[in-house]
Amino acid sequence: MNDKKRTRKKPDKAPSGFKLPGTRTQWLQYSLAVLLVFFLGFILEYLCQMPVLQSGHRGVLEVPMELVAAEGFERTEDGFLLTEDEGTLSIGLDGIYVDRFIYHFDYDHLLNAKVYVCYYNVYGEADPDQDLILEDRNARRLTMSSLKIGKEVDSIVLSIEKGALGETGTRKEAADTPLTITGFEVSNVPETDPYRLGAFCVILGLCAFFWFCRGYIGKHPEAAFLVVCLSVGTLTICGLPAGKVGFDEETHLYRAMGIASAPHGMNINQTVFSQMVADLDSWPENQPGSVEEQAALRDDLDEMGDYRNGTIHLEPEIPWGTVPAYLGQALVLKLCKGFHVPWGRMLMLGRFGNLLVYAALLYLAIQKTPVGKAVMSVIGLMPTSMFLACTYSYDPWVTGWIYLGTACLLKEVLTPEQKLSWKAYGTVLACFLLGCAPKAVYAPMVLIGLLLPAKKFKDRKEKYLMRAGICLLFAGLMASFVLPVLIAPSQTGDLRGGATSEVGQMSYVLGHFFGYLKILFPSIIRTMPQMLFGRDIFSVQGHLADSPFTWLAMGLALYVVVTDTKAASPETLKPGQKLWIFLMLGGSTLLIWTSMYIAYTVPGSLTIAGVQGRYYLPILYLFYMLFNSRLIIARTKNMWYHTGVSAVSAGLLLATFWVTVLTPMCM
């Protein structure tokens, strides 16, 4: 009998390479969780439809014109024509449930109206003291307005004043344009709201993701950022109207379309052109207010927009430094043109190019930075940051590349014992070049590279060569910003209008330099709290309503700055290094304000116009890291710390989306 011990053969090692986390059992759990998320999402959407399903008057009920009491309107064959400076149309509904109130109109301008809804209280009685007052601002391209009521209504009064029609500068034209209300409807039709259903699924899906993947998130917080960014970003882009909502979005769309149409330019019609200039057809203060209006506007743009054979030929001149910043958006628009996607849907899809680029850059930056991963993730998921990523803009490109360059640079600075390779050096310079070229005001941040200690280099020759390259990049970026203003200043500054002038402003700055400093420094100091730690940097969303949760954003930012002290490197930033970083960030801040004073402020003004909190986003991460210290250590496990921080960021974004996009525009 063989006495040798039998040994079990060890299984071969799994091949190296990419491997999805989790066992087969875990993936089965994930699949069931996904199915459960969609099932619960549909259940919640069904529950939202219960009031309509239980109402006694279902369907679309057309209101006879004979039941409408008019004042200031004249009855015609087409409807009610506004003839006085103010008119009202009153409809008695005798307590029926009204899910949506719809009125149709014929008007070639911006229709601003007020709707007074007298509804039944909890005792089933009409109470005029509780009137629901709705400010109804309608886009020029729409011919109907759909208002969400969701109550048992006694009466509805539509009030229109000629003085409130249009906007500043167009009031007289708006008042002289004939306005006819052509019909009224009460819609009690139970229909699935795709935007609300999507919101439910994203909320439930993120809850499942944070629970099942909490261990993975603890090791890879960049994964949580990516999932939240893409899911909430997709939800936001789908919910935003097919028109201008972002900062200077018409200009960025114009440039992205120009790159997508290179080298021969674009042939477009007036409908397409109106989305690329400041126009009443794309007036950002008058947006669709319901899911029906969203569909009506998109269908109108799809039908009327022609971006292939129009009579308007454009060949945009785009500043060379900004061209790469639009490549993501331009690529999607180019694909849409190739597949003949209708114009309204093309406007929405083009925004995904920006979101995908932003998500990829921040993912890599969070992954590579040795310190402050939670800080960078929280900044990247703030409402303002995400809003920029979900609209046509080059700000996400600038922020993404600067953060990636900063992450790579910090990795080298905080590992002084490892030699700096030319590949790593070139990566840092390339990131800062791509990030700063569109906005050279951030050029001083390149000089943070001078913090690389001498022992990072192989010899003195390499040290001098690499430091010279850093200085040359800084000089080139500064030359692209300063020389055009010094050599050939423009007679105008802000091309969107106004009495701005680079020539006139430069004469004030150079002729009264110390007087300008007395304007500059107080302006920076006075606005610093809001620009670096308040509403302007966290909550502003272009022409949408600001996020009402600034208090939560501020608390979250303060929490991660104090507690995000764990690092992948043994070194921390020394006081001397922090001082140099502070000076470089200060230099960028001075350039931001000076550029706005020269280009966007009336010559001789004692205030500086045009500076917005979003301009501080590229420097915000390093600024917060100046206050990061290991004197306070968070004892929470990474699994719970990063999962908790990401979950709060996701909750902040979803609450902001619900309040500022879903409720006012998609329900």
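Residues numbered from 1 in each chain as written. Predicted model: local features only at pLDDT ≥ 70, side-chain atom pairs only at ≥ 80, totals over all residues. Heavy atoms only, no water.

For the rest of this paragraph, the subject is the overall build of the chain. Check the secondary structure of the chain and you find 23 helices and 11 strands. Against the compact-globule benchmark of 26 Å for 667 residues, the chain has a radius of gyration of 29 Å, which places it among compact chains. Each of the three principal axes of the chain carries a C-alpha extent, and together these read 100 × 90 × 50 Å. When each of the 667 residues of the chain is scored for burial, the buried share is 53%. Of the contacts made within the chain by residues no fewer than 6 positions apart, 81% connect residues no fewer than 24 positions apart. With the model as given, the accessible surface of the chain reaches about 31400 Å², and the carbon-plus-sulfur share is 62%. (Helix = DSSP H or I, 4+ residues; strand = E, 2+ residues; numbered from the N terminus. Rg over C-alpha atoms; globule rule 2.2 N^0.38 Å. Buried < 20%, exposed > 50% of the residue type's maximum accessible area, 1.4 Å probe, protein only. Contact = heavy atoms within 4.5 Å. Areas by Shrake-Rupley, 256 points an atom, 1.4 Å probe, with all protein chains shown as cover.)

Okay, the side chain of Asp302 next. Here Asp302 shows up in helix α9 (residues 291-304). Using a relative accessible area of 16% as the deciding quantity, one classes Asp302 as buried. When neighbours within four sequence positions are excluded, Asp302 is seen to be in contact with Pro342, Trp343, Gly344 and Arg345.

Here we come to the pairing of strand β6 (residues 111-119). Buried residues dominate β6, accounting for 7 of its 9 residues. In this sheet, strand β7 (residues 132-138) lies alongside β6 in antiparallel orientation, the contact comprising 7 bridges. Bridged to Tyr116 within β7 is Ile133. Note: β6 against strand β8 (residues 144-161), 6 bridges, orientation antiparallel. Looking across to β8, one finds that Cys118 is bridged to Ser155. (Pairing = 2+ DSSP bridges.)

Quick look at the state of the cysteines now. Scanning the entire structure with this criterion turns up 0 disulfides. Cys201 provides the cysteine sulfur closest to Cys207, a residue in no disulfide bond, and the two sulfurs are 12 Å apart. Among the cysteines around Cys471, which has no disulfide bond, Cys436 carries the closest sulfur, lying 14 Å off. Using a relative accessible area of 36% as the deciding quantity, one classes Cys471 as partly exposed. (Disulfide = S-S within 2.5 Å.)

Summed over the entire model, instances satisfying the criterion amount to 5 cavities of 30 Å³ or more. The calculated volume of the largest cavity comes to roughly 100 Å³. As for the largest cavity, its lining consists of Val232, Thr236, Pro383, Met386, Phe387, Cys390, Gln541, Leu653, Thr656, Phe657, Thr660 and Val661. Of all elements in the fold, only α6 (221-239), α13 (383-389) and α23 (638-665) reach the threshold of two or more residues within the lining of the largest cavity. No other element matches the 5 residues that α23 contributes to the lining of the largest cavity. Of the residues assigned to the lining of the largest cavity, the class counts are 8 nonpolar, 4 polar and no charged. (1 Å grid on protein atoms, 1.4 Å probe; cavity = no way out; pocket = protein on both sides within 12 Å on 5 of 7 lines; lining within 4 Å. Points joined across faces, edges and corners; volume = space filled by probe spheres on them. Nonpolar A, V, L, I, M, F, W, Y, C, P; charged D, E, K, R; others polar.)

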